[in-house]
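For reference, the chains in residue letters:
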Amino acid sequence: MARSDPRFAAIDAAAFAAKNLCTATNYLVRQAFIFAHRYLGSAALVHLLKRHEASTALPRNVSNDILRQLDKNWRAFFAACEAYREDPSTVVGRPRLPKSKHKTTGRFLLIYDLQAISRRALARGRRRPSGLDSEVVTAHKTVKQARIVPRSGFSVVAIVYEQAEAAPSGDPALYAAVDLGVDTVAALPSNTVGFVPRLVNGRVLTSYNQFYNKRRAELQAALGHEGTTARMERLTTKRTRRISINHSLHVASKTSMALLVREGGRALARWALARWALARWALARWALARWALARWALAKTCCGNRK
């Protein structure tokens, strides 16, 4: 949902209110953890903040889901600390305490469960979150949750639904493999008789990612210090969401799955789908690592010029 959408203002205001609740909650948890050496779970936070102005600014179910999400963040921090104590080489550095969002530009995730979605709108095939004068049309009937994920300049509205798993069909003796690469994103062979192996071209992704790193470094150098701008965020969105990473990999994985279903049935495609999910994750991590390396090199260059 772009900033120009008439529904964006109400959603952005709700995300800002969620940020305020996250900030107030995180402050209480940090103070209790640092000075009292105890952890405040989501149940204790619900009772502490039930009359807080940041909590009452949102529907009760939404506020409780925000507290649960923050509780998950802190428990992930504790798990990372435990892994760091056991083997420091498994993580990049010592885990840090969960931080609060920026005071003015920060936004937080909104979660609307089935109780926080209008039933009348559901009957019309629309999803209307509680407290928002906005509706989203979706074809899915068994909706479990609606999530609003704030991004820079836009918001992502995700509908969570349940779908019955289709029974596997085809010959279970047939196999397929996904061999990951860089210039060739994936090689897709199979033991099916007459199957022609396919190669997924990755040079377009590599080329656009190199252009992105170069252009981002130029904009960062023009900025003169660490941080980001709206122009840099638009460039990142275009590269990650619209053109390069997500779109290209989704199209390639969908085409590959359709091919495997035609050749050997759903049993073959289900296994390869898991491999494709791993491929998308690995390539996204690789692109993020390249971007982080470019930022580090630029920061080091800027520091050297200042000296």
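Residues numbered from 1 in each chain as written. Predicted model: local features only at pLDDT ≥ 70, side-chain atom pairs only at ≥ 80, totals over all residues. Heavy atoms only, no water.

Our focus in this paragraph is unusual backbone geometry. Backbone phi values are negative for most residues with the exception of glycine, while trans is the configuration of most peptide bonds. At H37, a position not held by glycine, the phi torsion is positive, near 55°. With respect to the secondary-structure elements, H37 resides in the loop between α1 (8-35) and α2 (42-48). Its relative accessible area of 68% is what places H37 among the exposed residues. (Helix = DSSP H or I, 4+ residues; strand = E, 2+ residues; numbered from the N terminus. Buried < 20%, exposed > 50% of the residue type's maximum accessible area, 1.4 Å probe, protein only.)

Another point: the side chain of T236. Mapped onto the fold, T236 is located in helix α7 (residues 230-243). Accessibility expressed as a relative area gives 18% for T236, which makes it buried. A polar atom in the side chain of T236 sits 2.8 Å from the side chain of Y212. Other than its neighbours up to four places away in sequence, T236 contacts Y212, R216 and R241. (Polar contact = N/O pair within 3.5 Å; in protein donor to acceptor, adjacent residues only side chain to side chain. Contact = heavy atoms within 4.5 Å.)

Counting buried positions along strand β7 (residues 184-188) yields four of five residues, so the element is predominantly enclosed. Sheet analysis places strand β6 (residues 179-180) next to β7, joined by two bridges and oriented antiparallel. What sits directly across from D179, in β7, is A187. Here β6 folds back onto β7 in antiparallel fashion, the turn holding three residues. Relative to strand β8 (residues 198-201), β7 runs antiparallel, the two sharing four bridges. Paired with A186 across the two strands is V200, which belongs to β8. (Pairing = 2+ DSSP bridges.)

Here α1 crosses helix α4 (residues 60-86) at 45°, and the two axes come no closer than 10 Å. As far as their axial angle goes, α4 and α1 are oblique. Note on packing geometry: the crossing formed by α1 with α4 is right-handed. Where α1 abuts α4, its residues A18, L21, C22, T25, N26, V29, R30 and F33 lie against S63, I66, L67, L70, W74, F77 and F78. When the residues that make up the contact of α1 with α4 are grouped by side-chain class, the tally is eleven nonpolar, three polar and one charged. (Axes fitted to C-alpha atoms, helices over the stretch in contact; angles between N-to-C directions. Parallel < 35°, antiparallel > 145°, perpendicular 65-115°, else oblique. Left-handed = near helix turned anticlockwise from the far one by under 90°. Nonpolar A, V, L, I, M, F, W, Y, C, P; charged D, E, K, R; others polar.)

The next thing to look at is the packing of aromatic side chains. Note on aromatic pairs: each is described by the distance of the centres and the angle between the planes. Under the counting rule described, the total for this entry stands at nine aromatic pairs. Consider the rings of F33 and F77, whose centres lie 6.3 Å apart with planes at 85°: the pair is edge-to-face. Here F33 is found in helix α1, whereas its partner F77 is found in helix α4, with 44 residues between them in sequence. Taking relative accessible area as the criterion, F77 reaches 9% and is therefore assigned buried. Ring geometry for Y208 versus F211: centroids 5.7 Å apart, planes at 55°, classification tilted. Residue Y208 and its partner F211 are both found in helix α6 (residues 203-223); the two are separated by three residues, about one turn of the helix. (Phe/Tyr/Trp six-rings, centres within 6.5 Å; stacked < 30°, edge-to-face > 60°.)

Quick look at the sheet that holds strand β5 (residues 155-161) now. Pairing is antiparallel across the open sheet formed by three strands, whose spatial order is β1-β4-β5. Of all strands in the sheet, those bounded by a partner on one side alone are β1 (110-113) and β5. Pairwise comparison of adjacent strand axes, ignoring direction, gives a mean angle of 15° for this sheet. Here seven bridges tie strand β4 (residues 143-150) to β5, and the two strands are oriented antiparallel to one another. For V149, the partnering residue across the bridge sits in β5 and is V156.

That's the geometry; what it means functionally is another story.
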